[in-house]
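Take a look at the letters that make up each chain.
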Amino acid sequence: MVVLLNPPTEQLSLAKACKPKNAHAAAAAIVPVIDLSSPNPAADVARACEELGFFKVTNHGFPKHVTARLEAEAARFFSLPEAEKEKGGPALPFGYGNKRIGCNGDMGWVEYLLLDITSGNPRPASLDFLRETSATSLCSALSEYISAVRKLACELLELMAEGIGIQPRDVFSKVVMGEGSDRMLRLNHYPPCPQLQGLAGSAGLTGFGEHTDPMIVSVLRSNNSSGFQIALRDGTWVPVPPDQDSFFINVGDAMQVLTNGRFRSVRHRVEANRCKSRLSMIFFGGPPPQQVIRPLSQLLTNGERSRYKEFTWAEYKKSSYNSKLADNRLAPFENML
Ligand SMILES: C=C1C[C@]23C[C@@]1(O)CC[C@H]2[C@@]12CC[C@H](O)[C@@](C)(C(=O)O1)[C@H]2[C@@H]3C(=O)O
Ligand SMILES: O=C(O)CCC(=O)C(=O)O
Ligand SMILES: [Fe+2]
């Protein structure tokens, strides 16, 4: 089926999206749910990272008003006239972007704000393009959210270390939370896609193309709009039922290397929605640029060899920014075993 779109949207790829009727029920059963208030969630966290590289957390204690406030501010930002938002672009890689993802021709039915939060909060200068009042209120909602999401990410990283049996418990969290570590926050807005009207579910339009996340961990929260999908080991795509009260956790490429492939960097994508807009906020936590990325020695026991060549995070980033979204960015660093 052909959908005519105006440039630059005509480059958006159409993906097959045939879903069985009860796909959501089946998918809900696949996604591991970790109750953070349960007595010992570490083993379940590690199992989820090994099997899927993806899980959902409930009873996380994240203050609801903090999420609600950022969601409202983000919605307000994305409802500004396009000319206002474009003052914050193009995203190379940081700033406001619309339909163009990265610098290598990837396109999606998405607009976004990508912020560098390495030094704590977004640099006020990165929001300078907004009128002062709107920059101030977005900035303060972001600061509040960032400090809470960092805390949650830290707790999850400690559970991951404990679950896989390595010490100290902060072995991952200290890499992500240290001064100068690579951290980003991304706000994505997927407007309803009018071009999909009348297509009767026979085809889907790419909101955010398939990829793995580069960093150690990603912590994702979205509104109640569907579209997010993960790939299982056999390549089957599974829709993840939305849940605005929970957080979804992705293992990233750097974590796959640190664990010598035990934790799996999950391939995922977002399909555009015909009638409902999707708003997501994602915290990405990675290492500092000069950090050497190699499997933790505690995991290389009984003569196990590293599946990867050593590289610094800066080297990975350089190579990753020359890649397309769907590429296997770890391929250049894989060892032949
Ligand atoms: C096409 C690209 C966009 C991206 C950088 C890259 O060259 C390859 C990885 C992409 C990705 C995916 C996860 C995150 O959304 C992101 C911010 C990241 O760290 O890697 C994006 C990058 C981006 O949008 O700039
Ligand atoms: O917006 C989403 O729900 C996911 C987007 C994503 O995977 C990303 O920004 O890396
Ligand atoms: Fe992602």
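Everything that follows concerns the structure shown earlier in this document.
Note that the coordinates shown come from a computational prediction; the quantities given were computed from them, not determined experimentally.

(A) Fine view of the overall build of the protein. Counting its secondary structure elements, the protein contains eight helices and 15 strands. Whereas a compact globule of 337 residues would reach a radius of gyration of roughly 20 Å, the protein reaches 19 Å, a difference of no more than 12%. Dimensions of the protein along its principal axes, counting C-alpha atoms only, are 60 × 45 × 40 Å. The buried share of the protein, reckoned over its 337 residues, is 55%. For the protein, contacts bridging at least 24 residues in sequence account for 73% of all contacts bridging at least 6. As presented, the protein carries roughly 15000 Å² of accessible surface, and 53% of it is formed by carbon and sulfur atoms. With 37 positive and 34 negative side-chain charges, the protein shows a spacing of 3 Å between the two charge centroids.

(B) Quick peek at the site of ligand 1. Neighbouring ligand 1 are 17 residues; Arg186, Pro214, Ser320, Tyr321 and Ser323 lie closest to it. Arginine 186 places a polar side-chain atom, nitrogen or oxygen, 2.8 Å from an oxygen atom of ligand 1. One of the backbone N or O atoms of serine 320 is found 2.9 Å from an oxygen atom in ligand 1. The protein chains hide 98% of the 470 Å² of surface that ligand 1 would expose on its own. For the shell around ligand 1, the secondary structure elements donating two or more residues are strand S5 (106-116), strand S6 (183-190) and strand S7 (203-211).

(C) Local environment of the coordination of the iron ion (ligand 3). Looking at the iron ion (ligand 3), one finds its protein donor set to be His211 (NE2), Asp213 (OD) and His268 (NE2), positioned 2.1 to 2.2 Å from the metal centre. Read in sequence order, the donor residues for the iron ion (ligand 3) give the motif H-x1-D-x54-H. Taken individually, histidine 211 and aspartate 213 each receive the classification buried, so the pair is uniform in this respect.

(D) Spotlight on the site of ligand 2. Taken together, 14 residues lie near ligand 2, and Asn188, Tyr190, His268, Arg278 and Ser280 sit nearest. Contact distances for ligand 2 include 2.9 Å between an oxygen atom and a side-chain N or O atom of asparagine 188. In this structure, tyrosine 190 approaches ligand 2 through a side-chain N or O atom, which is 2.6 Å from an oxygen atom. For ligand 2, whose accessible area on its own is 290 Å², the fraction buried by protein is 98%. When contributions to the shell around ligand 2 are tallied by element, the ones reaching two or more residues are S6, S7, strand S12 (268-271) and strand S13 (278-285). Residue contributions to the shell around ligand 2 peak at four residues, all from S13. Here the residues of the shell around ligand 2 sort into seven nonpolar, four polar and three charged.

(E) Summary view of the packing of aromatic side chains. For the structure shown, the criterion picks out 11 aromatic pairs. With centroids separated by 4.7 Å and ring planes inclined at 45 degrees, the aromatic side chains of phenylalanine 62 and phenylalanine 247 adopt a geometry described as tilted. Of the two residues, phenylalanine 62 is situated in the loop between strand S3 (54-58) and helix H3 (64-78) and phenylalanine 247 in strand S11 (residues 247-251); the sequence distance between them amounts to 185 residues. Comparing phenylalanine 62 with phenylalanine 247, the two get one shared label, buried. Look at tryptophan 313 and tyrosine 316: their rings are 4.7 Å apart centre to centre, the planes differ by 5 degrees, and that puts the pair in the stacked class. Taken together, the positions of tryptophan 313 and tyrosine 316, both in helix H8 (residues 313-320) and three residues apart, correspond to about one turn of that helix. We classify tryptophan 313 as buried; its relative accessible area is 1%. By relative accessible area, tyrosine 316 is classed as buried at 0%.

(F) Structural context of unusual backbone geometry. Leucine 92 connects to proline 93 through a cis peptide bond whose omega is 0 degrees. Mapping proline 93 onto the fold places it in the loop between helix H4 (82-86) and strand S4 (95-101). Put simply, glutamine 167 and proline 168 share a cis peptide bond, and its omega is -5 degrees. Among the secondary structure elements, proline 168 is positioned in the loop between helix H5 (132-164) and helix H6 (173-177). One non-glycine residue, asparagine 59, lies in the positive phi region at around 45 degrees. By the secondary structure assignment, asparagine 59 is in the loop between S3 and H3. Phi at lysine 99 is positive, roughly 70 degrees, even though this residue is not glycine.

Conventions adopted
Residues numbered from 1 in each chain as written. Chains lettered and ligands numbered in written order. Predicted model: local features only at pLDDT ≥ 70, side-chain atom pairs only at ≥ 80, totals over all residues. Heavy atoms only, no water. Helix = DSSP H or I, 4+ residues; strand = E, 2+ residues; numbered from the N terminus. Rg over C-alpha atoms; globule rule 2.2 N^0.38 Å. Buried < 20%, exposed > 50% of the residue type's maximum accessible area, 1.4 Å probe, protein only. Contact = heavy atoms within 4.5 Å. Areas by Shrake-Rupley, 256 points an atom, 1.4 Å probe, with all protein chains shown as cover. Lys, Arg positive; Asp, Glu negative; His and termini not counted. Charge placed at Lys NZ, Arg CZ, Asp CG, Glu CD. Near = heavy atom within 4 Å. Polar contact = N/O pair within 3.5 Å; in protein donor to acceptor, adjacent residues only side chain to side chain. Donors = N, O, S within 2.8 Å, 3.2 Å for Na, K, Ca; no water. Nonpolar A, V, L, I, M, F, W, Y, C, P; charged D, E, K, R; others polar. Phe/Tyr/Trp six-rings, centres within 6.5 Å; stacked < 30°, edge-to-face > 60°.

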